[in-house]
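# Architecture and fold: a report
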Amino acid sequence: MSNEPEITNTLPPIKFRFAEFLQSASALTNAPADTGSEVAFAGRSNAGKSSAINTLTQNKKLARTSRTPGRTQLINFFTLSETQRLVDLPGYGYAKVPLKMKKEWNQHLESYLQRRQSLRGLVLLMDIRHPLTEGDEQMIGWAATASMPIHVLLTKADKLKRGPAKSTLLSVKARLAEFGDLASVQLFSSLKKDGLRELEVKLNGWLTDQSVFDDAGEGFEKQINDGDAKDPLSPDA
Ligand code: GDP
């Protein structure tokens, strides 16, 4: 074995607990600069999105748990590092939102998914008791059109017994099979912190993969891994 540092094509692992609010945007036009890498969280109102973001970042106040679903129709950006962000997309499917507003937001979501260069993947949250709603299918369709990777979190998994949870997991997996490696699904519970590590591994993969920049020639240097990051997800990594 040589003593040369190993050259890898990934950035160091992410410390999700360092997430900080960056800014809100009412549309793509007032979003932060479209550089670096970001992952977006989307889901029907009440799917458990704020709870999941707060669980991931170990910060109960980061994404406000919604009191009036569908009211704050803003895209919220959080920094993880200088070049990595988490994005909280507005919840959809809330019945009381006026049709005009719904249409407007559909357009924003669609253009965000299809035009945002720095977007590496979409985490799509579905209440395990009500998966694959019409709105979810629309998001899946837009992501598929953009060849955007999707990772589905079946949230509130603690609400179902193991058997029914497993069979919902399998049926959602079957629905996503046509997208091959671009789509994945897991059980998740913010309440029990179940599935947290699986989510962290997925997000680390998306946000630290620098190969996406190679073709575009955006000038990202290959990172030199000095061997500190043996376990990319160890708490003190
Ligand atoms: P959002 O509208 O998608 O941001 O959803 P919230 O995170 O505000 O959650 C909606 C409701 O589901 C709240 O009452 C949460 O307490 C509850 N909830 C969220 N995650 C879980 C979970 O993992 N287990 C259980 N049992 N309830 C949850």
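A brief structural summary. Keep in mind it's a predicted model, so treat the numbers as computed, not measured.

### A look at helix H1 (residues 49-57)
Of all nine residues in H1, eight are buried, a share of seventy percent or more. Buried residues belonging to H1 abut strand E3 (37-43), strand E5 (84-88), strand E6 (119-127), strand E7 (150-155) and helix H5 (196-208).

### Considerations on the packing of aromatic side chains
Scanning the model with the defined rule gives one aromatic pair in all. Seen from their ring centres, Phe21 and Phe78 are 5.8 Å apart, and the 70 degrees between their planes marks the pair as edge-to-face. A residue pair is termed long-range when its members are at least 10 positions apart, and Phe21 in strand E2 (residues 20-25) and Phe78 in strand E4 (residues 75-81) qualify at 57 residues. Assessed through its relative accessible area of 47%, Phe21 is described here as partly exposed. Judged by its relative accessible area of 2%, Phe78 falls in the buried class.

### As for the pattern of salt bridges
Within this structure, the stated rule accounts for nine salt bridges. For Asp34, the salt bridge identified is with Arg116, shortest N-O distance 3.6 Å. Here Asp34 is found in the loop between E2 and E3, whereas its partner Arg116 is found in the loop between helix H2 (99-115) and E6, with 82 residues between them in sequence. Asp34 sits in the partly exposed class, given a relative accessible area of 31%. Looking at Arg116, the relative accessible area reads 5%, which means it is buried.

### Some words on the nonpolar core
In this structure, Leu89, Leu122, Leu124, Met139 and Val152 are the most contacted members of the largest nonpolar core, which totals 34 residues. Of all the elements in the fold, those that place two or more residues in this core are E3, E4, H2, E6, helix H3 (134-145), E7, helix H4 (162-176) and strand E8 (183-187). Ranked by size, the runner-up nonpolar core spans 23 residues in total, among them Phe16, Leu56, Leu86 and Leu153.

So, how was this worked out
Numbers given to residues run from 1 along each chain, matching the order in which its sequence is written. In keeping with the predicted nature of the model, local features appear solely for residues at pLDDT of at least 70, side-chain atom pairs appear and are counted solely at 80 or more, and the whole-chain, interface and lining totals rest on all residues. As a rule here, side-chain values cover all heavy atoms of the structure and leave hydrogens and water aside. Exposure is judged per residue with a 1.4 Å probe applied to protein chains only, and the accessible area is read against the type maximum: over 50% gives exposed, under 20% gives buried, and values in between give partly exposed. Numbering of helices and strands starts at the N terminus; helices are DSSP runs of H or I of at least 4 residues and strands are runs of E of at least 2. In what follows, residue pairs with any heavy atoms lying within 4.5 Å of each other are defined as contacts. For this analysis, a ring pair means two rings from Phe, Tyr or Trp (six-membered ring only for Trp) whose centres lie within 6.5 Å, classed as stacked if their planes differ by under 30 degrees, edge-to-face if by over 60, and tilted for the remaining angles. Salt bridge criterion: a side-chain nitrogen from Lys or Arg within 4 Å of a carboxyl oxygen from Asp or Glu. Throughout this description, the term nonpolar core refers to a set of buried Ala, Val, Leu, Ile, Met, Phe, Trp, Tyr and Cys residues connected via side-chain atoms within 4.5 Å.

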